[in-house]
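Results of the structural survey
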Amino acid sequence: MIQLSDRVKNICPSQTLAITSQVLKMRAEGKKIISFGAGEPDFDTPTNIREEAIKAIKSGFTHYTTDSGIPELKNAVIDKLKRDQGLSYHAKQILISNGAKHSLYNALMALCNPGDEVLLPTPCWVSYTEQIKLAQAKPVFIETKQENQFELTAELVQKSITDRTKILLLNTPNNPTGAVYNPEELKKIAEILVKKDIYCISDEIYEKLVYDDAEHVSIASFGPEIKEKVILINGMSKSYAMTGWRIGYTAGPEEIIFGMSKLQGHCTSNANSIAQKASVEGLEGNQDSIESMRTEFDRRRRFMVQALSQIKGFQCDMPKGAFYAFPNITQLFNSGLTLNKKEIKSSLELADFILSKAEVAVVPGVAFEAEGYLRLSYATSMPQIEEGMKRLEKLFQ
Ligand SMILES: Cc1ncc(COP(=O)(O)O)c(C=O)c1O
């Protein structure tokens, strides 16, 4: 019998990736599935970025690079952090990795010892919990509430700290809730972290996708003391529609970056050389595509949230960031809906019900430590959103 490691036995497969494979399988069977499962922009990578990649291939830029990333890309990241966040870093404080997911894993593996506690506000992105467990640390969930727009407060952080707390893992703008944390509250959280000597891994991958009057502020920007505690993570996937290129980056204290680089050096070496060149163009070239994608996401956000709010049993607030709607669906539990003669009592059962009856794929809240909700991505075309909303309306009328 095959004996897998306890490490691997202890983690769950990604539920969002599982939904994507189920959708592909059903489509291959000829079903016309509308998918709101994907966490990626439906736009193509902007042409100027793709052209840089072609240039890199043609000029033979196809070898290993320095493990930690090419100097041009580190400089582009340094310029970007100065321009957008007012933060100053030098090259030894930057690490380029294979996607922000990889950056996060490197950071957790470089910082955690067995038994360390990592504070994790919920609802949270699917991979955090499993990555924390892989690093032999313990996720300590901090539940944020819908009535407070799923915002994290300094009070909630303070209450969750113990002698074992090592890291707070922040994600604003947030996947799945779309919450964008209030800068004043973030500042208070920063003060607690400095006082208690706790690190902050700040995942800012959705920073460019904020709407109305919401503003993204990095927790690292509240002064030199907190900056020394922050491992700031960002990447090319969401802002530049570059999910497949796999480029993420970290900025943080030199010693931590050095630790993460050592780890990366033995696991994956450098990120893809061609994608690194293309990312330089992404960060330094024309930025107009970001705004046109953001404007289109905003249009879809309004449409989807408005449509969901009219569906019986769905209660949906307007998210301020990222590209997800996160309706509360608790009213539909124990309301007489059944699938295979079984009454619907959970988000997972409701997601299965919707997929089998309306051929619409959504992600159950339980995947994000948030029973009672569904996540629907609006990073899909307007006609698909319109058709999906029609199907849901009909199903629940
Ligand atoms: C909150 C969050 N962080 C990180 C990532 C990973 O992004 P990347 O494609 O750069 O690995 C995602 C992707 O879905 C995400 O939603």
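Everything here concerns the structure above.
Read on for an overview of the structure. (Residues numbered from 1 in each chain as written. Predicted model: local features only at pLDDT ≥ 70, side-chain atom pairs only at ≥ 80, totals over all residues.)

1. So, the overall build of the chain
- Looking only at helices and strands, one finds 14 helices and 14 strands in the chain.
- Against the globule reference of 21 Å for 397 residues, the chain gives a C-alpha radius of gyration of 21 Å, in line with a compact fold.
- When burial is assessed residue by residue, the chain has 46% of its 397 residues classed as buried.
- A sequence separation of at least 24 residues applies to 72% of the contacts in the chain between residues at least 6 apart. (Helix = DSSP H or I, 4+ residues; strand = E, 2+ residues; numbered from the N terminus. Rg over C-alpha atoms; globule rule 2.2 N^0.38 Å. Buried ≥ 20, exposed ≤ 12 C-beta atoms within 10 Å, placed from the backbone. Contact = placed C-beta atoms within 7 Å.)

2. Examining the packing of helix H5 (residues 100-111) against helix H6 (residues 126-134)
- At a minimum axis distance of 9 Å, the contact between H5 and H6 shows a crossing angle of 30°. The orientation of H5 with respect to H6, classified from their angle, is roughly parallel. Here the hand of the crossing between H5 and H6 comes out right-handed. Contacts between H5 and H6 involve Lys101, Leu104, Tyr105 and Leu108 from the first element and Ser127, Gln131 and Ile132 from the second. (Axes fitted to C-alpha atoms, helices over the stretch in contact; angles between N-to-C directions. Parallel < 35°, antiparallel > 145°, perpendicular 65-115°, else oblique. Left-handed = near helix turned anticlockwise from the far one by under 90°.)

3. Looking at the site of the ligand
- Near the ligand lie 13 residues; those nearest to it are Gly99, Ala100, Lys101, Gly235 and Ser237.
- Residues that form the shell around the ligand fall into these classes: 3 nonpolar, 8 polar and 2 charged. (Near = placed C-beta within 6 Å. Nonpolar A, V, L, I, M, F, W, Y, C, P; charged D, E, K, R; others polar.)

4. Concerning the sheet that holds strand E5 (residues 165-171)
- Strands sit in the order E2-E8-E7-E6-E5-E3-E4 across an open sheet of 7 strands; the sheet is mixed. In this open sheet, the two edge strands, each paired with only one partner strand, are strand E2 (94-97) and strand E4 (138-143). When the angles between neighbouring strand axes are averaged without regard to direction, this sheet yields 20°.
- Pairing of strand E3 (residues 117-122) with E5, which is carried by 3 bridges, proceeds in the parallel orientation. Opposite glutamate 117, over in E5, you have threonine 165 as the bridge partner.
- Along the sheet face, H5 touches E2, E5, strand E6 (199-203), strand E7 (230-235) and strand E8 (248-251) and points at about 160° away from the line of E7. (Pairing = 2+ DSSP bridges.)

5. Some remarks on the environment of threonine 45
- With respect to the secondary-structure elements, threonine 45 resides in the loop between strand E1 (34-35) and helix H3 (47-58).
- Discounting chain neighbours no more than four positions away, the residues touching threonine 45 are Arg50, Tyr240, Ala241 and Met242.

6. Things to note about the sheet that holds strand E9 (residues 324-325)
- Taking strand neighbours across the sheet as the criterion, the 3 strands line up as E9-E14-E13 in an open arrangement whose pairing is antiparallel. This sheet does not close on itself; its edge strands, each paired only once, are E9 and strand E13 (363-364).

7. Side note on the packing of H3 against helix H11 (residues 273-284)
- For the pair H3 and H11, interaxial distance at closest approach is 8 Å and the crossing angle is 140°. Relative to H11, H3 is oriented oblique. Relative to H11, the crossing made by H3 is right-handed. Contact residues: Asn48, Ile49, Glu52, Ala53, Ala56 and Ile57 in H3; Ser273, Ile274, Lys277, Ala278, Glu281 and Gly282 in H11.
- Looking at the contact of H3 with H11 residue by residue, the class counts come to 6 nonpolar, 3 polar and 3 charged.

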